[in-house]
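Coordinates in review
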Amino acid sequence: MSDDLILYYFEDLKEGMSASLAKTVTESDIYTFAGVSMDTNPAHLNEEYASQTMFKGRIAHGMLAAGFISAVLGTKLPGPGAIYVGQTLKFKAPVRIGDTVTAKVEVTALVPAKKFVTLRTLCTVGGKPVVDGEATVMVNARPA
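Residues numbered from 1 in each chain as written. Predicted model: local features only at pLDDT ≥ 70, side-chain atom pairs only at ≥ 80, totals over all residues. Heavy atoms only, no water.

This part covers a nonpolar patch on the surface. A contiguous nonpolar surface patch, about 250 Å² in accessible area, is contributed by I83, V85 and M138. Inspection of the secondary structure puts V85 in strand β2 (residues 83–91). Look at V85 and you get partly exposed, because its relative accessible area is 45%. (Patch = residues over 30% accessible without salt bridge, like charges linked within 9 Å, V, L, I, M, F, W, Y side chains within 5 Å. Areas by Shrake-Rupley, 256 points an atom, 1.4 Å probe, with all protein chains shown as cover. Salt bridge = Lys/Arg side-chain N within 4 Å of Asp/Glu carboxyl O. Helix = DSSP H or I, 4+ residues; strand = E, 2+ residues; numbered from the N terminus. Buried < 20%, exposed > 50% of the residue type's maximum accessible area, 1.4 Å probe, protein only.)

Have a look at this one:
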């Protein structure tokens, strides 16, 4: 395992703990995501089409921004070994090429019997919410 990865066991977690990461969305990110996800909606890929929509130009896939939440959960908090159990998402505003998305997670509840952790999840651009939600992940117990 890489030395820069943070690993928390369930017993290490407390309500209020948080972590974040930021990434600037590129045109390449959008094309790569479209290829992997098979979502080739022209709102993401075709400027001429997208300029006629309510957004007046191309926007990133909402799930691309939501994917940054998964990156925080899997690499920072709780970190490697955390397994998604559920996620709710509300898309609040579009993300455009060149926007820097900050994904933040915060522990809001712990369920010791199941080793489940509930976290508030939020993506912002320039401090403005673009994706809001809640994740539930299963976290490993500290080895005996």
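Right, let's get into the environment of V107. Considering the arrangement of structural elements, one finds V107 in strand β3 (residues 100–111). V107 sits in the buried class, given a relative accessible area of 2%. Sequence-distant contacts of V107, that is, excluding residues within four places in its chain, are made with K14, E15, G16, M17, L77, V117, T118 and L119. (Contact = heavy atoms within 4.5 Å.)

Our next topic: the sheet that holds strand β5 (residues 128–138). Spatial ordering of the open sheet is given by β1-β3-β4-β5-β2, a layout of five strands whose pairing is antiparallel. Each edge of the sheet is formed by a strand with only one pairing partner; in this case those strands are β1 (18–24) and β2. Within the sheet, the average angular offset between the axes of one strand and its neighbour, ignoring direction, is 20°. Two strands pair when backbone bridges link them, and strand β4 (residues 116–125) and β5 are joined in this way by 10 bridges, in the antiparallel orientation. Bridging across to β5, L119 finds its partner in A135. (Pairing = 2+ DSSP bridges. Axes fitted to C-alpha atoms, helices over the stretch in contact; angles between N-to-C directions.)

The next thing to look at is the pattern of salt bridges. For the coordinates displayed, the defined rule picks out four salt bridges. Between D29 and K23 there is a salt bridge, and its shortest N-O distance comes to 2.8 Å. Between R120 and D132 there is a salt bridge, and its shortest N-O distance comes to 3.0 Å. In this pair, R120 sits in strand β4 while D132 sits in strand β5, placing the two residues 12 residues apart along the sequence.

Moving on to the nonpolar core. Counting 30 residues, the largest nonpolar core has V25, L77, V95, V117 and L119 as its most contacted members. Among the elements of the structure, β1, α4 (62–75), β3, β4 and β5 are those that each provide at least two residues to this core. The element contributing the most residues to this core is α4, with six residues. Setting aside chain neighbours within four positions, we find L119 in contact with L73, L77, V105, E106, V107, T108, G133, E134, A135 and V137. (Core = buried A, V, L, I, M, F, W, Y, C linked by side-chain atoms within 4.5 Å.)

Right, let's talk about α4 for a bit. Its 14 residues give α4 an end-to-end C-alpha distance of 21 Å, which sits within 8% of 20 Å, the value for a rise of 1.5 Å per residue. Buried residues along α4 sit in contact with β1, α1 (27–37), β2, β3, β4 and β5. (Expected span 1.5 Å × (residues − 1).)

Moving on to unusual backbone geometry. Outside of glycine, negative phi angles account for most residues, and trans bonds account for most peptide bonds. Omega for the peptide link from L77 to P78 comes to 0°, which places this bond in the cis form. Considering the arrangement of structural elements, one finds P78 in the loop between α4 and β2. Even without a glycine there, the phi angle at K115 is positive, about 60°. Its location among the elements puts K115 in the loop between β3 and β4. The partly exposed category is assigned to K115, whose relative accessible area is 27%.

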